[in-house]
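# Chain and residue survey
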Amino acid sequence: MEIIKSAFLGAVLAWTIAVVIGSQGSSGGQLMIHQMAMGDLKVFWSWPVFFGGTGIAWALMLLQR
């Protein structure tokens, strides 16, 4: 159950950071922020931030057991 909660937190973190950095026109270097088209919307996303944020959130939830 913790991995599902941490994936949600990782997605929120990745989206927030990608919107802030990507809307300025930068790719964030190692963050590899890219723009995706979802229908008529343009969404910024970063897989490295998502996996890193999910891992950190999962580790913190495991420590709280």
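Residues numbered from 1 in each chain as written. Predicted model: local features only at pLDDT ≥ 70, side-chain atom pairs only at ≥ 80, totals over all residues. Heavy atoms only, no water.

### Focus: the environment of Q35
Using the following cut-off: Only DSSP runs of H or I with at least four residues qualify as helices, and only runs of E with at least two residues qualify as strands; both kinds are numbered from the N terminus onward. Each residue is assigned to one of three classes by its accessible area relative to the maximum for its type, calculated with a 1.4 Å probe on protein chains only: buried under 20%, partly exposed between the two thresholds, exposed over 50%. Should any heavy atoms of two residues lie within 4.5 Å, those residues are counted as being in contact.
Within the secondary structure, Q35 is located in strand β1 (residues 34-38). Accessibility expressed as a relative area gives 45% for Q35, which makes it partly exposed. When near neighbours in sequence (up to four residues on either side) are disregarded, Q35 contacts K42, V43 and F44.

### Description of the confidence of the model for the chain
Short version of the rule: Confidence of the predictor at the level of single residues is given by pLDDT, which spans 0 to 100.
When the pLDDT values of the chain are averaged, the result is 93; 100% of them are 70 or greater. Of all secondary-structure elements in the chain, the lowest mean pLDDT belongs to β1, at 89, while helix α2 (residues 47-63) reaches the highest, 96.

### Observations regarding the pattern of salt bridges
Note the cut-off: Salt bridges are counted wherever a side-chain nitrogen of Lys or Arg sits within 4 Å of a carboxyl oxygen of Asp or Glu.
Counted under the stated rule, the structure contains one salt bridge. R65 is paired through a salt bridge with E2; the nearest N and O atoms lie 3.1 Å apart. You can see R65 sitting in the segment after α2 and its partner E2 sitting in helix α1 (residues 2-22), a full 63 residues away along the chain.

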